[in-house]
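# Results of the structural survey
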Amino acid sequence: MKTVIRVAAALLPIAAVISCAGGGNAAEPAVRTVKTMTVSSVDSIKTLTCPGIVQEMHSINVAFKTPGQLVRVNVEEGNYIREGQLIASLDDSDYKLGVEALQIQYDQLSDEVSRLRELYKKKSVSANDYEKAEAGLKQLAVQLQVNKNKLAYTKLYAPVSGYVKSVNFAKSEMVDAGTPIISMMDVSGLEVQADIAAADYLDRSSFKSFTVRTSSGETRGAKLLGIVPKADGNQLYRMTLKIDHGSSQMKDSFLPGTNVEVNVERNGRNVGRDVSMPLSAICYDGKQPYVLTVGKDSSIVRMNVELTSSADVTCAHVRGLASGTEVVVAGSSSLKEGEKVNVLPAPSETNIGGLL
């Protein structure tokens, strides 16, 4: 028994030394690994590229100005019609009778006014009676013209040249005034609508020229008609361009509804001042954009930047960083300024996947 006590007493100092050496201190925090890239300056004239869709200049609903029964519809869906071409006709028999009846009254009253005019010159009729007859003739002339207009309105003509999108009525149907008989596309001009990011909208003063390119490779110049100064639900701004197709008719490659590529050439006033980086590298503190960089001692440094434009949906141009700065592009969430990190080494160009 005494021997056991002596052994236990001898082991106590050793246990105390082990406890102080290992269990007394807290574990060191793990050093996180981040992916970085070295940013470079934008050294060429910036071109904004975005998708767009071709649209007709106007979509027009064509209707009669007077009601009646359709006796003829001269067009079908998909037809190309020219300005002034007859589209449809109404039954005009009642309108013709109305014009004939008023024409008879007008001719009769006109003869009477002519006789009164001769009598008035001879002072055989009072000025009051003659003026009343003249006024009555003018009123009847107005009514006659109204009925002639209604008769003319029984013929419906194309207001512009374009394609018929839909025909809404058939022969023998009754239609009201103002009810669209057909819907047509005005292709006297073609437009392209494209959506741009907020940064590009703010940089719109640098827009220099515009081109539109189809999937077949055909390219046309375009003119900016306007940009809606309000963002949609995706924080994009609607830009409308007019395609310059010269004197040629609408080409199959620029049909309404087709997708095109819109290229916006911008002036180079920011050349050498901006650097290019992925959008994933940009963080926000409220409205202030910033990036995380890696210092020489492998610690995180926050740097505020100015977002000047987006080159596409993945890349942005920013100001406030020098070319050659190492920026964190992945793993930046929850990092703090001053924190030490390990930088993920760049993949080998000759040992892809690290298999060798």
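Quick caveat: nothing in here was measured; it's all calculated off a predicted structure.

The next point concerns the overall build of the chain. When helices and strands are tallied, the chain shows four helices and 22 strands. For the chain, with 356 residues in total, the buried portion stands at 33%. Counting only contacts in the chain whose residues sit at least 6 apart along the sequence, the fraction spanning at least 24 positions is 74%. Approximately 21500 Å² of the chain is accessible, and the part contributed by carbon and sulfur atoms is 53%.

Scanning the entire structure with this criterion turns up eleven salt bridges. Linking Arg 220 and Glu 218 is a salt bridge whose minimum nitrogen-to-oxygen distance equals 2.9 Å. In this structure Glu 218 comes out as partly exposed when scored by relative accessible area, which is 25%. In this structure, the salt-bridge partner of Arg 302 is Asp 285, at a minimum N-O distance of 3.3 Å. Remark: Asp 285 occurs in strand E16 (residues 283-285) and Arg 302 occurs in strand E18 (residues 300-304); sequence separation between them is 17 residues.

Relative to the assigned elements, Arg 213 resides in strand E11 (residues 207-213). Sequence separation between Arg 213 and Phe 254 is 41 residues; the distance between their C-alpha atoms is 9.3 Å. In this view, Arg 213 contacts Glu 218, Thr 219, Val 260 and Glu 261; residues no more than four positions away in its chain are not counted.

This next bit is on the environment of Asn 304. Relative to the elements of secondary structure, Asn 304 occurs in strand E18. Taking relative accessible area as the criterion, Asn 304 reaches 44% and is therefore assigned partly exposed. In this structure, the C-alpha to C-alpha distance between Asn 304 and Cys 283, residues 21 residues apart in sequence, is 9.4 Å. Engagement of the side chain of Asn 304 in a polar contact is seen with the side chain of Arg 302, the distance being 3.2 Å.

Spanning 26 residues, helix H3 (residues 127-152) covers 38 Å between terminal C-alpha atoms, matching the ideal 38 Å at 1.5 Å per step. When we look at burial in H3, the residues that qualify are Tyr 130, Ala 133, Glu 134, Leu 137, Leu 140 and Leu 144.

Moving on to the packing of helix H2 (residues 93-121) against H3. Packing of H2 against H3 brings their axes to within 9 Å, and their N-to-C directions diverge by 160 degrees. Judged on the interaxial angle alone, H3 and H2 are roughly antiparallel. With respect to the hand of their crossing, H2 and H3 are arranged in left-handed fashion. Within the contact of H2 with H3, the residues separate by chemical class into 16 nonpolar, seven polar and five charged.

One broad rule of soluble globular proteins: the nonpolar side chains tend to lie buried together. Counting residues in hydrophobic clusters, the biggest one holds 23 residues, and the most contacted among them are Val 192, Ile 196, Phe 207, Met 239 and Val 262. Those elements that provide at least two residues to this core are strand E3 (47-63), strand E10 (180-197), E11, strand E12 (219-227), strand E13 (236-243) and strand E14 (259-266). Looking at this core element by element, the count peaks at six residues for E10. Residues contacting Val 192, with those up to four places away along its chain left out, are Gly 52, Ile 53, Val 54, Val 212, Met 239, Thr 240, Leu 241, Ile 243, Val 260 and Val 262. Ranked by size, the runner-up nonpolar core spans 16 residues in total, among them Ile 87, Leu 90, Phe 169 and Ile 181.

This part takes up the packing of aromatic side chains. Any two aromatic rings considered together are summarised by their centre-to-centre distance and by the angle between their planes. Applying the stated criterion across every chain, the model contains four aromatic pairs. Between Tyr 120 and Tyr 130 the ring centres are 4.8 Å apart and the planes differ by 5 degrees, which places this aromatic pair in the stacked class. With Tyr 120 in helix H2 and Tyr 130 in helix H3, this residue pair connects regions lying ten residues apart in the sequence. Ring centres of Phe 207 and Phe 210 lie 6.1 Å apart, and the angle between their planes is 90 degrees; this geometry places the pair in the edge-to-face category. Taking the ring centre of Tyr 201 as reference, the NZ or CZ of Arg 204 above it sits at 4.1 Å.

Bringing unusual backbone geometry into the picture now. We note that Lys 123 has phi near 60 degrees; this positive angle belongs to a residue other than glycine. Residue placement: Lys 123 occurs in the loop between H2 and H3. In this model, Ser 172 sits at a positive phi of 85 degrees, which is unusual for a non-glycine residue. With respect to the helices and strands, the residue Ser 172 is situated in the loop between strand E8 (162-167) and strand E9 (174-175).

This next bit is on the sheet that holds strand E6 (residues 86-90). If you trace the four strands from one edge of the open sheet to the other, you get E7-E6-E4-E9, paired in antiparallel fashion. What marks the edges here is a single partner per strand, and that holds for strand E7 (155-157) and E9. The sheet contact formed by strand E4 (residues 68-73) and E6 spans three bridges and is antiparallel. In the strand pairing of E6, Arg 72 is matched with Ser 89.

Procedures and definitions
Residues numbered from 1 in each chain as written. Predicted model: local features only at pLDDT ≥ 70, side-chain atom pairs only at ≥ 80, totals over all residues. Heavy atoms only, no water. Helix = DSSP H or I, 4+ residues; strand = E, 2+ residues; numbered from the N terminus. Buried < 20%, exposed > 50% of the residue type's maximum accessible area, 1.4 Å probe, protein only. Contact = heavy atoms within 4.5 Å. Areas by Shrake-Rupley, 256 points an atom, 1.4 Å probe, with all protein chains shown as cover. Salt bridge = Lys/Arg side-chain N within 4 Å of Asp/Glu carboxyl O. Polar contact = N/O pair within 3.5 Å; in protein donor to acceptor, adjacent residues only side chain to side chain. Expected span 1.5 Å × (residues − 1). Axes fitted to C-alpha atoms, helices over the stretch in contact; angles between N-to-C directions. Parallel < 35°, antiparallel > 145°, perpendicular 65-115°, else oblique. Left-handed = near helix turned anticlockwise from the far one by under 90°. Nonpolar A, V, L, I, M, F, W, Y, C, P; charged D, E, K, R; others polar. Core = buried A, V, L, I, M, F, W, Y, C linked by side-chain atoms within 4.5 Å. Phe/Tyr/Trp six-rings, centres within 6.5 Å; stacked < 30°, edge-to-face > 60°. Lys NZ or Arg CZ within 6 Å of the ring centre and 35° of its normal. Pairing = 2+ DSSP bridges.

Just distances and angles here, no functional claims.
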